[in-house]
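Inside the fold
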Amino acid sequence: MARLNILQFPDARLRTVAEPVTYVDDAVRDVVLDMSETMYGACGIGLAATQVNVHRQIITADVSDGGNQLHVLINPVVVDQGGSAALGEGCLSIPDIFAKVNRAAWVTVRALDIDGKSRELSADGLLAMCIQHEMDHLQGTLFIDYLPDRVRRRLNGVNEVGSGTRKRRR
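Residues numbered from 1 in each chain as written. Predicted model: local features only at pLDDT ≥ 70, side-chain atom pairs only at ≥ 80, totals over all residues. Heavy atoms only, no water.

**A few points about the sheet that holds strand E1 (residues 46-48)**
Read from one edge to the other, the open sheet built from five strands follows the order E1-E2-E3-E6-E7, with strand pairing classed as antiparallel. Of all the strands in the sheet, the pair left with one neighbour each is E1 and strand E7 (118-124). Along the sheet, successive strands turn relative to each other by an average axial angle of 40°, direction set aside. The sheet contact formed by E1 and strand E2 (residues 58-61) spans three bridges and is antiparallel. Among the inter-strand pairings, Gly46 is bridged to a residue of E2, identified as Ala61. Most of the contacts of helix H1 (residues 26-41) go to E2, to which it runs at about 40°, and overall it touches E1, E2 and strand E3 (71-82). Contacts between helix H2 (residues 125-138) and the sheet are confined to E1, E2, E3, strand E6 (106-112) and E7, with E7 contributing the most and set at about 120° to the helix. (Pairing = 2+ DSSP bridges. Helix = DSSP H or I, 4+ residues; strand = E, 2+ residues; numbered from the N terminus. Axes fitted to C-alpha atoms, helices over the stretch in contact; angles between N-to-C directions. Contact = heavy atoms within 4.5 Å.)

**Side note on the pairing of strand E5 (residues 94-103)**
In the sheet, strand E4 (residues 85-91) pairs with E5 via six bridges, with the strands oriented antiparallel. Paired with Ala86 across the two strands is Asn102, which belongs to E5. Between E4 and the antiparallel strand that follows it, E5, lie two residues.

**Let's talk about the nonpolar core**
Ranked by size, the top nonpolar core spans 18 residues in total, and within it Leu73, Leu127 and Ile131 carry the most contacts. Secondary structure elements with two or more residues in this core: E2, E6, E7 and H2. With six residues, the top contributor of residues to this core is H2. With residues up to four places along the chain from it excluded, the contact list for Leu127 reads Ala61, Val63, His71 and Leu121. With 16 residues, the next largest nonpolar core counts Ala49, Val52, Val72 and Leu92 among its residues. (Core = buried A, V, L, I, M, F, W, Y, C linked by side-chain atoms within 4.5 Å. Buried < 20%, exposed > 50% of the residue type's maximum accessible area, 1.4 Å probe, protein only.)

Here is the structure:
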């Protein structure tokens, strides 16, 4: 396993739309292992492959207090969702910026697991928000895109964002 470099806003590669994974093989599993090591090493709770310059539809997430409930979602698709919730979000690619974003309160996602088997995962609360946040990354969308225009203009005018804190981010 290797820790990967996390792209930082405003890197244009964060806007790349990820391609579906056609087959889950050892190379994909290696990416998943590297992503999980990177996510845990950065004190994150979620990571999309796009954030580490791998433009394939792969997400890792673990919102557990002990960091021992890793979810791997390959080619995730929301099959059902409902409610509305606004939780504070941060991002490993945008250190030091936190904001409330309105998202579905719960989601059911169909995805492949690390063995290439299709499964469904139903989530609410922090895990639902994290999954939606990471799925946005796969489409080239950042959580700051949901912020008011004046805030986005200010952020887009910044060439470099600070180095971040040890707080767990998506």
